[in-house]
Amino acid sequence: MSTTTAPAPPRGTGAPAGARRRGTGDRTTRILGLGALVTLGLTAWLGLAVTPPDVVQGQLVRLIYVHPASATMCYVGFGLCAVSSLAWLWPRTRSPRWDALAGASAEVGVVFCAVCLVSGSIWGRGSWGVWWTWDARLTLTALLFAVFLGYLALRRTGGDFDSRAKRCAITAVLCFVVVPIDHEATTWWTTLHQGNTLFRSNPMIHGSQLATMGLSFVAFGLLFAWLTVHRYRVERLEERFETEGFAAAIAERRAEGTS
Amino acid sequence: MTLTTRSSAVPPAPPVRRARRRLLRSRRRQVVAAVVVLGAIGFLIGEGLHNATSYFLYTNQAVAQKASLGTKPFRIEGTVEPGVRRAGQNTDFTIIANRVAVPVVSTGTPTSLFKPGIPVVLDGHWSATGAVYDANLIMVKHTANYVAAHPNRLKSQLPTSGR
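The rules behind each value
- Residues numbered from 1 in each chain as written.
- Chains lettered and ligands numbered in written order.
- Predicted model: local features only at pLDDT ≥ 70, side-chain atom pairs only at ≥ 80, totals over all residues.
- Heavy atoms only, no water.
- Helix = DSSP H or I, 4+ residues; strand = E, 2+ residues; numbered from the N terminus.
- Buried < 20%, exposed > 50% of the residue type's maximum accessible area, 1.4 Å probe, protein only.
- Contact = heavy atoms within 4.5 Å.
- Areas by Shrake-Rupley, 256 points an atom, 1.4 Å probe, with all protein chains shown as cover.
- Lys, Arg positive; Asp, Glu negative; His and termini not counted.
- Charge placed at Lys NZ, Arg CZ, Asp CG, Glu CD.
- Pairing = 2+ DSSP bridges.
- Core = buried A, V, L, I, M, F, W, Y, C linked by side-chain atoms within 4.5 Å.
- Buried area = accessible area lost by both parts, 1.4 Å probe.
- Salt bridge = Lys/Arg side-chain N within 4 Å of Asp/Glu carboxyl O.
- Nonpolar A, V, L, I, M, F, W, Y, C, P; charged D, E, K, R; others polar.
- Phe/Tyr/Trp six-rings, centres within 6.5 Å; stacked < 30°, edge-to-face > 60°.
- Domains from an automatic or database assignment.

*Asks:* What's the story with the overall build of chain A in this structure? I'm lost.
*Replies:* Looking only at helices and strands, chain A has seven helices and zero strands in total. Listing the helices and strands of chain A from first to last along the sequence gives α-α-α-α-α-α-α. Across the 259 residues that make up chain A, the buried fraction comes to 46%. Expressed as a percentage of contacts within chain A between residues at least 6 apart in sequence, the contacts between residues at least 24 apart total 78%. For chain A, the exposed surface amounts to about 12800 Å²; the carbon and sulfur share of it is 68%. The average position of the 24 basic charges and that of the 16 acidic charges among the side chains of chain A differ by 5 Å.

*Asks:* Can you help me understand the pairing of strand 2 (residues 74-80) of chain B in this one?
*Replies:* One face of the sheet, then the other: side chains in a regular strand alternate in exactly this way. All names here are of chain B. Most of strand 2 sits out of view: six of its seven residues are buried. Sheet analysis places strand 1 (residues 57-58) next to strand 2, joined by two bridges and oriented parallel. The residue of strand 2 that forms the bridge with Tyr58 is Glu77. Where strand 2 meets strand 6 (residues 119-126), six bridges bridge the pair, whose relative direction is antiparallel. From the neighbouring strand, Glu77 faces strand 6, where its bridge partner is Val121. Bridge count for strand 2 against strand 4 (residues 90-97) is two bridges, and the pairing is antiparallel. The residue bridging Val80 from the neighbouring strand is Ile95, located in strand 4.

*Asks:* Looking at this model, I keep getting lost on the environment of Arg233 of chain A. Mind explaining?
*Replies:* Residues and elements named next belong to chain A. With respect to the helices and strands, the residue Arg233 is situated in helix 7 (residues 207-258). Since its relative accessible area comes to 8%, Arg233 is described here as buried. The spacing of Arg233 and Leu101 is 132 residues in sequence and 8.9 Å in space, taken between C-alpha atoms.

*Asks:* I'm lost on the nonpolar core in this one. Help?
*Replies:* In summary, soluble globular proteins display a tendency toward joint burial of nonpolar side chains. In this structure, Ile64, Phe78, Leu144, Phe148 and Tyr151 of chain A are the most contacted members of the largest nonpolar core, which totals 42 residues. For this core, the elements supplying multiple residues, two or more each, are helix 2 (67-89), helix 3 (96-127), helix 4 (136-155), helix 5 (161-176), helix 6 (178-188) and helix 7 of chain A together with helix 2 (16-52) of chain B. With 10 residues, the single largest contributor to this core is helix 4 of chain A. Aside from chain neighbours lying at most four places away, what touches Phe148 of chain A is Phe78, Cys81, Ala106, Val110, Ala172, Cys175 and Phe176 of chain A.

*Asks:* Any chance you could explain the interface of chain B and chain A here in plain terms?
*Replies:* Interface size, as often reported, equals the accessible area lost upon joining of the parts. Facing 31 residues of chain B, the contacting portion of chain A comprises 36 residues. For the pair chain B and chain A, the summed buried area comes to about 2900 Å², and 66% of that belongs to carbon and sulfur atoms. One can count zero salt bridges joining chain B with chain A. A per-element tally of the side of chain B that touches chain A places helix 2 of chain B first, with eight residues. Along the lines of polarity and charge, the residues of the side of chain B that touches chain A split into 20 nonpolar, eight polar and three charged.

*Asks:* What is the right way to read the packing of aromatic side chains from this model?
*Replies:* Geometry of an aromatic ring pair is reported as the spacing of the ring centres plus the angle between the planes. Within this structure, the stated rule accounts for 12 aromatic pairs over all chains. Look at Phe74 of chain B and Tyr133 of chain B: their rings are 5.2 Å apart centre to centre, the planes differ by 75°, and that puts the pair in the edge-to-face class. With a gap of 59 residues between them, Phe74 of chain B in strand 2 and Tyr133 of chain B in strand 7 (residues 133-140) connect regions that are remote in the sequence. A residue is classified by how much of its surface remains accessible, and Phe74 of chain B, at 9% relative accessible area, is buried. Taking the relative accessible area as the measure of exposure, Tyr133 of chain B reaches 0% and is therefore buried. Look at Trp126 of chain B and Tyr133 of chain B: their rings are 6.1 Å apart centre to centre, the planes differ by 85°, and that puts the pair in the edge-to-face class. Cluster of aromatic residues (ring-pair linked, three or more members): Phe78, Phe148 and Tyr151 of chain A.

*Asks:* I keep staring at the domain arrangement of chain B and nothing clicks. Help me out?
*Replies:* By the assigned domains, chain B splits into domain 1 (15-53) and domain 2 (57-140). In this structure, domain 1 of chain B and domain 2 of chain B have C-alpha centres spaced 42 Å apart.

*Asks:* Mind showing me how you'd approach the pattern of salt bridges here?
*Replies:* Opposite charge on two side chains permits them to pair, given that their charged atoms come into close proximity. Residue and element names in this part refer to chain A. Throughout the structure, instances matching the rule amount to 11 salt bridges over all chains. The residue Asp99 makes a salt bridge to Arg155 at a minimum N-O spacing of 3.2 Å. Separated by 56 residues along the polypeptide, Asp99 in helix 3 and Arg155 in helix 4 bring together distant segments of the chain. The class for Arg155 is buried, based on a relative accessible area of 9%. The salt bridge partner of Asp99 is Arg164, with a shortest N-O separation of 3.2 Å. In this pair, Asp99 is assigned in helix 3 and Arg164 in helix 5, connecting sequence segments 65 residues apart. The residues Asp99 and Arg164 share a single accessibility class, namely buried.

Rendered as structure tokens:
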């Protein structure tokens, strides 16, 4: 096992030199967390109590304040994972921090992907009449969920740090290919899933519904950032634990040998 | 002089055979996990590729391909025309897309959103004579357009005692 390439004790956790941090929170995460809490609460209030129902879908429309934002955060998570993986693969920017960020963002992306699949399924049952159908958008989102679960499983495999990180980085970049295909599925093929509502030249939602939908993106974005920062710091602490744990075991053996 | 063996004082190292068995067992688990994951991905890709390119046919496409489709199952898309009739378990209606209408006999229970003017995707097949489409599932295909319901607009049309 290579020990020369093992990650150095992390400095990105925000702890001052020589000090030991308790937990993974600091001022930044507290601001992010509070912002997420306030905007999520506001989205829930506007989405459930203030905005009107839809002419066709009635009360089902309220899922629009959860489903598209969670799908977007899932794409952002997998995108950040791919960018971090590329940064790790490029020798000039190679750092264990990129590997940790890739793992953290993929994990949070998978959580949002699960929220997207569940909320979409509930919406589908109400409007389409079925919990699930194998149209292009749904199939590709399920595939995205499966491949990134596989990526997370790959991160848990053994071997030395460098070869494991390289394996995972290449896999992340390959897995990310599904994201743009999934996003464009409703344009390229005939699908039961509706097309794009918001990100177009003439949004097909207006007034308080549009404002609340926009707020849901801000709320889910803040939640994504809060979760990712915490998860990244946990990842770095795990690395430090492994490095320091290994050093402690060596010291213990040496002490045994001299006694 | 003590006659006890060193092994009784020092805990014995795990036997090589047991370690190898453990390694084999963990490798076997990894292989099984890999097979399950690859199988699941293969199934999803297969299902996706099969359905993705043409999840449904528009009515004009279904009519044009009637001879080749026969009574094979396929999905059809169109907007529900006024004049939905319910007869027992069946719902009879007509769908239209690209100026081609198709009469439908459905045994499926539609959702509450089903009504004339709404696009639907139906799961079923052409009848033996090819005159109607036999649907066993009605899926309401809502558009990407959202219009807020205005309760006041409806209220203004209702007769009130004050007027």
